[in-house]
Amino acid sequence: MKQFISVADIGSLDKAIAEAKEIKNNRFAFTELGRNKTLLMLFFNSSLRTRLSTQKAAMNLGMNVMVLDVNQGAWKLETERGVIMDGDKAEHLLEAIPVMGSYADVIGVRSFAGLRDRDEDYQERVLRQFIELSGRPVFSMEAATRHPLQSFADLITIEEYKETKRPKVVMTWAPHPKALPQAVPNSFAEWMNAADYDFVIANPEGYDLAPEFIGGARVEHDQRKALEGADFVYAKNWSAYNAPNYGKVLRTDRDWTIDAEKMALTNNAYFMHCLPVRRNMIVTDEVIESPRSLVIQEAANREISAQTVLKRLLESL
Ligand code: CP
């Protein structure tokens, strides 16, 4: 595997899940693979889980790790070609990427959507420039439109806890005070469709995701109806995708908050969220603290998804 930016890069999900299981059973079985190899993790945006789990995964594989927070301590980077650089940005990505590539064997990039220009966000220009110019295998640590390391960890978690071969998985929009990208829900939808679960997306009118990410999933605008019989409830906020409201927050009322009364409509479902989560906006304290909440297990599996991906990238060198 030469890159990891979407579900298409991982190939057979059954094989990937089996490999992840093997790694989870013995995470130090492949320490020779990363010896004298350097991972550069580059963050244009904040992180807790991605930073720590990916660094831990790389260390499990024997790698050296360098972490750069682009907006703290590095030169501000210009990303647009043709710009007269007379502002506060001292370096262009077109030089910075090959320079960084010369110091690293594998590069991870986090670069969120700006939520101002949909076409620009959905072109994934920053991530694609790293793939084109770094000369190294590149993986996404959440880009403008997808968060595949999260979705892979979510899939591993569902496989660990599912009680039927084809569970009903409901991804539901939930309120949040700020505009968030569509990367996590897009990606989750892509992976759930590839896994061929009974997958339903519940969101208010005005919050439909891009058709290419909805794929074959059922879209339901009545949250309670969608939750009936669910085996897994995956809550997430996202801002509007469709024009003219791209990137906007259309509502913040708590009608779509996941609470115990809504969970009672399900088939004793597990609750999932990628974290960080706004308690009592997205989900009540009672639900997230219940024995059916998998949020910690999901986050722990981020180490496993990252290690599976890094192992495959190292094997390609
Ligand atoms: N879920 C996730 O990616 O968490 P961080 O933003 O903290 O990395």
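Residues numbered from 1 in each chain as written. Predicted model: local features only at pLDDT ≥ 70, side-chain atom pairs only at ≥ 80, totals over all residues. Heavy atoms only, no water.

**Q** Where do I start with the overall build of the protein chain in this structure?
**A** The helix and strand tally for the protein chain stands at twelve helices and twelve strands. Taken over the C-alpha trace, the protein chain has a radius of gyration of 20 Å; the compact-globule value for 317 residues is 20 Å, and the two agree within 12%. Seen along its three principal axes, the alpha-carbon backbone of the protein chain occupies a region of about 55 × 50 × 30 Å. Counting across all 317 residues of the protein chain, residues that qualify as buried make up 53%. Taking all contacts inside the protein chain whose residues are at least 6 apart in sequence as the whole, residues at least 24 apart take part in 78%. Here the protein chain displays about 13,900 Å² of accessible surface, and carbon together with sulfur accounts for 48% of that area. (Helix = DSSP H or I, 4+ residues; strand = E, 2+ residues; numbered from the N terminus. Rg over C-alpha atoms; globule rule 2.2 N^0.38 Å. Buried < 20%, exposed > 50% of the residue type's maximum accessible area, 1.4 Å probe, protein only. Contact = heavy atoms within 4.5 Å. Areas by Shrake-Rupley, 256 points an atom, 1.4 Å probe, with all protein chains shown as cover.)

**Q** Where do I start with the nonpolar core in this structure?
**A** Soluble globular proteins tend to pack their nonpolar side chains together in the buried interior. Within the largest apolar cluster, 72 residues are counted, with the highest numbers of intra-cluster contacts made by Phe 139 and Phe 271. With seven residues, helix α12 (residues 295–315) is the largest single contributor of residues to this core. Not counting chain neighbours up to four residues away, the residues in contact with Phe 139 comprise Phe 4, Leu 39, Thr 54, Val 106, Ile 107, Gly 108, Val 109, Leu 149, Val 309, Leu 310 and Leu 313. Membership of the second largest hydrophobic core comes to 18 residues, among which are Leu 40, Val 70, Ala 96 and Val 138. (Core = buried A, V, L, I, M, F, W, Y, C linked by side-chain atoms within 4.5 Å.)

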